[in-house]
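Listed below are the residues making up each chain.
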Amino acid sequence: MGKGTGKVVLAYSGGLDTSVAIRWINEKYNLDVIAVTVDVGNEKDFEVVRQKALRTGAIQAFIADVKDQFVGEFVFPSLQAGTLYQNVYPLATALARPLISKVLVDYARKEGASHVAHGCTGKGNDQVRFDVSIQALAPDLKIIAPVREWRMTRDDEIRYAQEHKIPVPVTAASPYSVDANLWGRSIEAGVLEDPWNEPPEEAYAWTINPRFAPEEPTYVTIEFERGVPVALGDDPETTQRLDGVTLVSRLNELGGAHGVGRIDHVEDRLVGIKSREVYEAPAAIVLHAAHSALETLTLSREQRRFKEIVATEMAQLIYDGRMFSGHFRDLSYYVASTQRSVTGTVRMRLLKGQAVAVGRRSPQSLYDFSLATYETGDQFDHSAAEAFIKLFSQGLRTQARVQLGAGSSQEIRRLVAPSIDEEAH
Ligand code: ARG
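The paragraphs below set out a description of the structure included in this document. Computed from a predicted model, the values in this text were never measured in an experiment. (Residues numbered from 1 in each chain as written. Predicted model: local features only at pLDDT ≥ 70, side-chain atom pairs only at ≥ 80, totals over all residues. Heavy atoms only, no water.)

Turning our attention to the site of the ligand. Around the ligand, 15 residues are found, and the nearest of them are Tyr 89, Asn 125, Arg 129, Ser 177 and Glu 267. Interatomic distance of 2.5 Å between a side-chain N/O atom of Tyr 89 and an oxygen atom of the ligand. Arg 129 has a polar side-chain atom sitting 2.9 Å from an oxygen atom of the ligand. For the ligand, whose free accessible area comes to 350 Å², the fraction covered by protein is 90%. Mapped onto the shell around the ligand, the elements with two or more residues apiece are helix H4 (92-111), helix H5 (126-137), strand S6 (177-181), strand S7 (184-188) and strand S12 (274-280). Counting residues per element, the shell around the ligand draws most heavily on S6, at 3 residues. Counted by class, the shell around the ligand contains 5 nonpolar, 4 polar and 6 charged residues. (Near = heavy atom within 4 Å. Polar contact = N/O pair within 3.5 Å; in protein donor to acceptor, adjacent residues only side chain to side chain. Areas by Shrake-Rupley, 256 points an atom, 1.4 Å probe, with all protein chains shown as cover. Helix = DSSP H or I, 4+ residues; strand = E, 2+ residues; numbered from the N terminus. Nonpolar A, V, L, I, M, F, W, Y, C, P; charged D, E, K, R; others polar.)

If you want it as structure tokens, here you go:
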């Protein structure tokens with residue numbers, strides 16, 4: 001092939017959708033397809049995928065290994081920020097989309113393409129993330145989303161593939177829609193669409209069922225520098241410095257072997273639907289727990305409180321595909337500044353599906369034993385407490401006297417446990 005009127009760079013996964021897309025774009029738009037498969041740690045045989053793209057009709061096919069950049073510029077900053085969407089989802093899929101978009105745009109520039117294409121449906125978050133990121137980076141590039149456009153069922157697609165001699169995977173199609181990268185595996189659809197159904201064991205690939213996990217814990221020591229994990233070990237004396245990709249991969253294995261990182265969640269999508277989502281993210285769960293344990297020691301109370309607000313905001317921006325925005329940049333600067341003191345070591349215990357911080361220490365620790373202890377050596381000024389409380393409660397006492405009544409049982413209930421049935425009166 002190679003007789004189109006222009007070129008399009010397609011994010012190619014090797015699956016049925018994007019394979020059909022190569023031929024479909026070719027026919028419908030008369031564009032030559034350049035397939036780009038982005039390696040963010042999704043455990044594929046990338047050379048096989050590349051060859052398949054060429055056999056299916058792509059004029060060129062590239063593999064872009066951006067694992068280091070993914071971990072260094074997307075995953076670890078998100079760990080530092082503490083971003084968990086709706087308090088549970090470490091955002092693996094969401095974090096990868098802007099980087100994949102960047103890679104697509106780079107290839108489009110290099111190869112002189114006028115279009116970029118991706119295989120997202122019209123119901124999900126991923127289409128929004130791709131489109132928004134691409135539009136931010138390259139407003140002149142046109143976007144094609146074949147799956148959003150063609151409205152073929154899976155059977156239609158298989159028929160189309162057979163007619164066009166596109167290799168259809170021989171293995172039985174997974175009953176789920178799965179996306180995976182180094183930071184986690186996202187599983188949706190099939191029986192999971194009924195939020196009442198317990199996820200079947202077969203939905204999981206990275207984690208053992210905690211029931212069958214070892215009875216004995218594994219302890220892992222993690223060293224952080226300015227909020228970035230830099231070393232791992234069985235104990236604090238033997239930690240080993242590792243690059244980010246290796247460190248995350250190793251924690252995925254260690255955590256997965258103890259059943260750590262299974263998440264079962266009903267999530268609010270950006271497009272206004274609730275959706276049942278199952279995730280496996282062993283490394284993310286271990287590292288978030290370890291990182292926040294270190295922050296408990298090294299950040300002040302105000303920093304911890306405000307940073308949580310920032311994290312909620314940033315998680316939503318990542319989820320919504322708005323990382324390439326001034327707002328996200330500004331919040332990132334705040335987070336980076338907080339991480340100056342987040343250096344130290346955390347000891348984690350992995351056991352039966354749980355990752356728990358059991359020890360933490362830091363050269364920047366704000367924990368002062370002589371202030372905290374109830375034993376001998378206590379330096380805390382007990383006599384200052386009474387005057388402190390007197391001023392601390394000043395305004396509250398005035399309000400209680402003037403506005404809140406004397407404090408009968410009835411008044412107490414109105415203050416702290418009002419009944420909404422009474423609102424009408
Ligand atoms: N709900 C998750 C998200 O929006 C996961 C999406 C998974 N994508 C997929 N193509 N299976 O980030």
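Strand residues, when the strand is regular, have side chains that alternate between the two faces of the sheet. Within strand S9 (residues 228-233), 5 of the 6 residues are buried, leaving the element largely enclosed by the surrounding structure. Strand direction decides the pairing type here: strand S8 (residues 218-225) and S9, joined by 5 bridges, are antiparallel. When the bridges of S9 are listed, Glu 223 appears paired with Ala 231. What sits between S8 and S9 in their antiparallel hairpin is a turn of 2 residues, with Arg 226 showing a positive phi close to 50°. Sheet analysis places S9 next to strand S10 (residues 240-241), joined by 2 bridges and oriented antiparallel. Along S10, the bridge assignment pairs Leu 232 with Gln 240. A loop of 6 residues connects S9 with S10, the two strands running antiparallel in sequence. (Buried < 20%, exposed > 50% of the residue type's maximum accessible area, 1.4 Å probe, protein only. Pairing = 2+ DSSP bridges.)

Right, let's talk about the side chain of Glu 280 for a bit. Counting through the fold element by element, Glu 280 comes out in strand S12. A polar contact is formed between the side chain of Glu 280 and the backbone nitrogen of Ala 205, at a distance of 2.8 Å. A polar contact of 2.6 Å, which involves the side chain of Glu 280, links it to the side chain of Thr 207. What Glu 280 contacts, discounting residues up to four positions off in sequence, is Gly 184, Arg 185, Ile 187, Ala 203, Tyr 204, Ala 205, Trp 206, Thr 207 and Gly 261. (Contact = heavy atoms within 4.5 Å.)

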